[in-house]
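Breakdown of the fold
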Amino acid sequence: MTQLKTGAFALTAALMMSGSAFAQTRTLNYNADFDPAPLAAFQAIIADFEAENPDVKVTLNNFDHEGYKTAIRNFLSADSPDLANWYAGNRMAPFVNAGQFMDVSDVWADNGLSEQLASAKASMTIDGKQWGVPYTYYQWGIYYNKDVYKAAGVEVPTTWDGFIENCAKFKAAGVDCLTTGSKALWPIAGIFDYLNLRTNGYEFHMDLTAGKVAWTDDKVKATFAEWAKVLPYTTENHAAIDWQDAAALLVQGKAANYVMGNFAVANFKEGGMTNDTLGFLVFPEITAGLPRAEDAPTDTIHIPAGAKNVDDAKKFLAFVARADVQTKLNAALGQLPTNKGATVDAADPFLSAGFEALSSAYALAQFFDRDAPAEMAKIGMEGFQEFMVKPDRLDAILDRLEKSRDRIYK
Amino acid sequence: MTSYWKRNQLRLAPWLFLAPGAAMFLVYVIIPIFQSLSLSFYDWDGLGDATYIGTANYVELLDDEAFYTSLKNNVIWLALYLLAVPAGLFIAIFLNQTVRGIRIYKSLFFFPFVISQVVVGLMFSWFYAPNFGLFYKLIEWLTGDGIAILADEKYVTYGIIVAGLWPQIAYVMILYITGLNNIAPDQVEAARLDGAKGWKMLWHVILPQLRPATFIAVVVTVIGALRSFDLVSIMTDGGPWGSSRVLSFYMYEQALSEYGFRMGYGAAIAVVLFAIMMVFISGFIWKMWRDETER
C-alpha cells in the first residue's frame, strides 16, 4: 500500500513538472490527412517552423486520407485542433456556413497574400472573406504515351478535332485512344470539366457547378456532343476499372491518352515510364478563341472555430504561405506551389509544364467534386458514367440532373 | 430492506440478471431506433442546425429513382439469397457420409464462411475483372466477347449475389450438418424397414427432423440478404451509376459517405428498411412463440 502511495506521489510530481514545462512552450495541435510521402515533407516544414518559433511545439495528428473526410466532422465540433487540413472551393462551404472555420482574412491582409496567392484567392473566398490558406495544387491535363504516338505515326494534337482524328488512327492500330477507370467515378469528372471548360468557357462552367444554369441547357448538350465523339475510342468496361488499372493500360501501350491529375505521374513512372516516354499535353482547344481555364485542385489549411491557440495558428498559416516555404514543401510533394514567388524544379518536365499552364491560364477551376456541392457532384458523376456507357440515354440523364439541381441548390 | 429482499428474491433475481443486457439493448438498439425515426423528419447535414420538415424526406423517397433501384435490388437479393438454403442442404447431405478424411472435406466446404466478406468481395472482383479475370476469360473463350459483369447494369447485382451465396451456402451447410447429426437413427431404420428410400425418405423422414435447422437457416439468410452491404461496397461501390445499390448501401451513401451527409434522408431510408425487416422479424418471432406455446 505504501509503495502504491509513493508511486502515486511520483506520478503527480511528474505531471506537475511536465505541466510547468508546457507553460513556456505553447502547443499547436494540427490534424491532417497526409499520405506517407507528403507526411515526410510536412514534418520537415514543421521542424523549420519550430526552429523559427522555438516557443511553439506543433503536434501533428495524422489521419488516414479517406477516414479523415468523416473524422473532420466529429473533431471540429467535439475536440477542435488549432489547425486542420481541407480543400478549397465548395468543399469548404459546409464548414464555413456552419461557422466551423475561422475567418482568416487578417492573415491574408497582413502578409500581402492577396497578391502572392492571387491565383488561389477566389477559391478561398466565401462572402468576401478568406477562410484558410492554400499550400499546394496540381494541374490536370492529358498524359500520353510517346511510344504509342510514334508507333501509330501520329502528331501531338493542338485542337480537339485533331485529337479525334488521331483516335481513328489509334483504333486502327488496336490502341484505346482515351483510357479511364470510372469505378470510383471521379476520374471521368476531369474529362467533363475539360470538355465543358473548352466548349463553353470558365464562366459557364462555374455557373453550372454553382447551380445557376439548367443541366438541360443547350450548351451542356453541346459539351456532351463533344464527349460523344470520343466515346467509341474510349477504353471499354471502364466502369469496372480503378484509375490505377487504367494507368497500367497507358504504361503497357494499350492506350494512348489519359485525362488525369499530375499525381498520376508517380504511378506511370513506377510502371516503367520515363520522361522520354511519358508526355503531358494541355487539353486541346474545342471552341476557338475561348480563354483557356484549367483544373487545379487546391489543398488548404484552416483554423477551426474552436481553436485554442489562435495566434500561433495564424503564424503557422502565414509561414506556410511564404514563397520560400512553399518552394521547399512542393519540391518534396512533387506538386505546384500556390505562391507565385515560389519556384519549381526545372528538371521535372511535368511540374514545369504544369506551372506554365496554370500561371498562364485565364482562370482555375477546383475540380467537379469540389466546385459543385457534394451531393450534386455524386449524382453528376454517376450521370457522366451512365452517359459514357449508354450515350443514347443523355436526355433522361440530364432531366435527372436537372431535377436534382432544383432540390440541392435551394 | 433485507426482509423485502428475502420475500421477493425469486421475483427480482431474473430482472437483476437481465438488467445489464437490457440496458445495453436499450442504449444501443431501442433508443437509436426511435432517434432514427425522429431524425427522418428533419433536414440535417450533421453539422448545422436540424430543421423540421415533416414527411418531406418520405415524399422525396417516393419520387427517387435510386430508391426504387435499391428496393428492387433488395428484392432480388432476398429471392436469390434463399437459394443458399436448398444448396446448403444438398451439400450437407452429400457430405453426411463416412468416408476416410470426410472431416477435411467438411472443413474445406466450410472455408468460405471463415474468410472475411471483404476478402470474398475482392476475390470475386478479380474473378470478374475485365481483361484478366478468370470468369471474363472464360466467357471470352466461349462466346468470343468478354462480359465485364461488374460494369454492366444488367448483371452486376447477380454477380454480387453469387459472391454472397458462396459463404452463405457454407453457413447453411454447417447448420444442416449439425442437424443431420441429431437425426434419430431408429426412425431412419424404421422407415427403411417400411421400404422408404430416396426422395420419400428425405421428404417424409429427414426433412421434418431438420425443421429447427431449416428455420434458423431461413432466418439468417433473410436477414443476411436484407442487410447486405459489405459486398456491394467492396465490389462496386454501388456502381455502375448506382445500379447495384441496395437499401442499406443507399442509406450509408446518403448519410455518411464522402458525398452524402443528408442525415434525415438517410434516416428515412433506414426506417423503410427497418419496416421491411420488421415484417420478416415479426413473422419469425410469431412462429417461435407459437412453437413454444404448442408444447
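Since the structure is predicted, the reported quantities are computational estimates derived from the model, not experimental observations.

Next up on the list: the overall build of chain B. Within chain B, the secondary structure is distributed over 14 helices and two strands. For 295 residues, the compact-globule formula gives about 19 Å, and the C-alpha radius of gyration of chain B, at 24 Å, lies well above that figure. Taken along its principal axes, the extent of the C-alpha atoms in chain B is 85 × 75 × 30 Å. The buried share of chain B, taken over its 295 residues, is 41%. Residue pairs at least 24 apart in sequence account for 66% of intrachain contacts in chain B once pairs closer than 6 positions are excluded. Put simply, chain B shows about 17300 Å² of open surface, and 69% of that area lies on carbon and sulfur atoms.

Before going further, it helps to spend a moment on the environment of Asn330 of chain A. Residues and elements named next belong to chain A. Mapped onto the secondary structure, Asn330 falls in helix α16 (residues 323-333). Using a relative accessible area of 2% as the deciding quantity, one classes Asn330 as buried. With 15 residues separating them in the primary sequence, Asn330 and Asp345 have C-alpha atoms 9.3 Å apart. Other than its neighbours up to four places away in sequence, Asn330 contacts Tyr135, Thr136, Gln335, Leu336 and Pro337.

Split by domain assignment, chain A resolves into domain 1 (2-135 + 299-344) and domain 2 (140-295 + 373-408). For domain 1 of chain A versus domain 2 of chain A, the separation of C-alpha centres amounts to 34 Å.

For the rest of this paragraph, the subject is the sheet that holds strand β7 (residues 140-145) of chain A. Residues and elements named next belong to chain A. As summarised here, the arrangement of the four strands in space is β8-β9-β7-β10, forming an open sheet in which the pairing is mixed. At either end of the open sheet lies a strand with only one pairing partner, and these are β8 (176-179) and β10 (278-281). Averaged over all neighbouring strand pairs, the angle between strand axes comes to 25°, with direction disregarded. Note that β7 and β10 share four bridges and pair antiparallel. Residue Tyr143 lies in a different strand from β10, and its bridge partner there is Phe280. Where helix α13 (residues 243-251) meets the sheet, its contacts fall on β7, β8, β9 (255-261) and β10, and the angle it forms with β9 comes to roughly 140°.

It is worth spelling out the packing of aromatic side chains at this point. Residue and element names in this part refer to chain A. Taken as a whole and judged by the stated rule, the model has 61 aromatic pairs over all chains. Consider the rings of Phe63 and Tyr68, whose centres lie 5.5 Å apart with planes at 75°: the pair is edge-to-face. Its relative accessible area of 0% is what places Tyr68 among the buried residues. Measuring from ring centre to ring centre gives 6.4 Å for Tyr68 and Trp86, while their planes differ by 40°; the resulting arrangement is tilted. Taken as a pair, Tyr68 in helix α3 (residues 65-78) and Trp86 in strand β3 (residues 83-87) lie far apart in primary sequence, 18 residues in all.

Moving on, we get to the UniProt feature "transmembrane region" (unreviewed entry) in chain B. Residues and elements named next belong to chain B. The UniProt feature table records "transmembrane region" (unreviewed entry) at residues 12-34, 75-96, 108-129, 155-180, 201-226 and 265-286. Secondary structure content for residues 108-129 is 86% helix and 0% strand, while the C-alpha to C-alpha distance between its ends is 25 Å. With 100% helix and 0% strand, residues 265-286 has end C-alpha atoms that lie 31 Å from one another.

Tallied over the entire structure, the rule returns two cavities of 30 Å³ or more. Here the largest cavity is characterised by a volume of approximately 50 Å³. In this structure, the largest cavity is lined by Lys183, Ala239, Ala240 and Gln385 of chain A together with Leu150, Met235, Thr236, Gly239 and Pro240 of chain B. Of the residues in the lining of the largest cavity, the class split is five nonpolar, three polar and one charged. Volume-wise, the second largest cavity comes out at about 30 Å³. Thr327, Asn330, Ala331, Gln335, Pro337, Thr343, Val344, Asp345 and Leu351 of chain A are the residues that line the second largest cavity. Top element by residues in the lining of the second largest cavity is α16 of chain A. It accounts for three residues. Among the residues making up the lining of the second largest cavity, the classes are represented as four nonpolar, four polar and one charged.

All right, on to the pattern of salt bridges then. Per the counting criterion, the structure on display carries 28 salt bridges over all chains. Connected via shared salt-bridge partners are Glu386, Arg393 and Arg400 of chain A together with Glu65 and Glu153 of chain B.

In this section: the interface of chain A and chain B. At the junction of the two partners, chain A supplies 29 residues and chain B supplies 26 residues. Overall, the association of chain A and chain B removes approximately 2500 Å² of surface from exposure, summing both partners, and the carbon and sulfur fraction of that is 53%. Counting every contact that joins chain A to chain B gives seven salt bridges. Ionic pairing is found between Arg393 of chain A and Glu153 of chain B, a salt bridge with its closest N-O pair at 2.4 Å.

Right, let's talk about the nonpolar core for a bit. Membership of the largest hydrophobic core comes to 69 residues, with the highest contact counts inside it found for Trp215, Phe224, Trp227, Phe268 and Phe384 of chain A. Every residue in contact with Phe268 of chain A, bar those within four places of it in the chain, is listed here: Tyr143, Ala247, Leu250, Val251, Tyr258, Met273 and Leu278 of chain A. Core analysis: the second largest hydrophobic core is formed by 53 residues, Val85, Leu89, Leu95 and Val172 of chain B among them.

Phi angles above zero are rare outside glycine, and Phe367 of chain A is one such case at about 145°. Following the sequence through the fold, Phe367 of chain A ends up in the loop between β13 (363-365) and α18 (368-371). Backbone geometry places Trp241 of chain B, a non-glycine residue, at a positive phi of 35°. As for its placement among the helices and strands, Trp241 of chain B is situated in the loop between α12 (230-235) and α13 (247-255).

Definitions and limits used
- Along every chain, residues carry numbers that run from 1 in the direction the sequence is written.
- All chains are assigned letters beginning with A, and all ligands numbers beginning with 1, in the order in which they are written.
- Only residues with pLDDT of 70 or above have their local features reported here, since the model is predicted, and side-chain atom pairs are shown and tallied only from 80 upward, although totals for entire chains, interfaces and linings are computed over all residues.
- Side-chain calculation: all heavy atoms of the structure are included, whereas hydrogens and water are not.
- A run of DSSP states H or I qualifies as a helix once it reaches four residues; a run of E qualifies as a strand once it reaches two. Both are numbered from the N-terminal end.
- As defined in this context, the radius of gyration uses C-alpha atoms, and a globule is described by 2.2 Å times the residue total to the power 0.38.
- Exposure is judged per residue with a 1.4 Å probe applied to protein chains only, and the accessible area is read against the type maximum: over 50% gives exposed, under 20% gives buried, and values in between give partly exposed.
- What makes two residues a contact is simply this: any of their non-hydrogen atoms within 4.5 Å.
- Residue exposure ignores everything except the shown protein chains as possible cover, and the areas themselves are Shrake-Rupley values with a 1.4 Å probe.
- Note: domain ranges come from an automatic or database domain assignment.
- Any two strands with at least two DSSP-identified bridges between them are counted as paired.
- Only C-alpha atoms enter the line fits that serve as axes; for helices the fit covers just the stretch in contact. Angles between N-to-C directions range over 0 to 180 degrees.
- In summary, the pairing rule links any two rings of Phe, Tyr or Trp, Trp by its six-membered ring, whose centres are within 6.5 Å, and it sorts them by plane angle into stacked for under 30 degrees, edge-to-face for over 60 and tilted for everything else.
- UniProt positions are given in the numbering used here, feature names are shortened, and annotations may be inferred rather than shown by experiment.
- Residues are called lining when one of their atoms sits within 4 Å of a cavity or pocket point, these points coming from a 1 Å grid over the protein atoms alone, where a cavity is a set in which a 1.4 Å probe fits but cannot get out and a pocket is an open set with protein on both sides within 12 Å along at least five of seven lines.
- Grid points are joined across faces, edges and corners, and a volume is the space filled by probe spheres set on the points.
- In this classification, Asp, Glu, Lys and Arg are treated as charged, Ala, Val, Leu, Ile, Met, Phe, Trp, Tyr, Cys and Pro as nonpolar, and every other residue, Gly included, as polar.
- Here, a salt bridge means any Lys or Arg side-chain nitrogen found within 4 Å of an Asp or Glu carboxyl oxygen.
- Two parts placed together each lose some accessible area; with a 1.4 Å probe, that loss summed over both constitutes the buried area.
- We call a set of buried Ala, Val, Leu, Ile, Met, Phe, Trp, Tyr and Cys residues a nonpolar core when their side-chain atoms join them within 4.5 Å.

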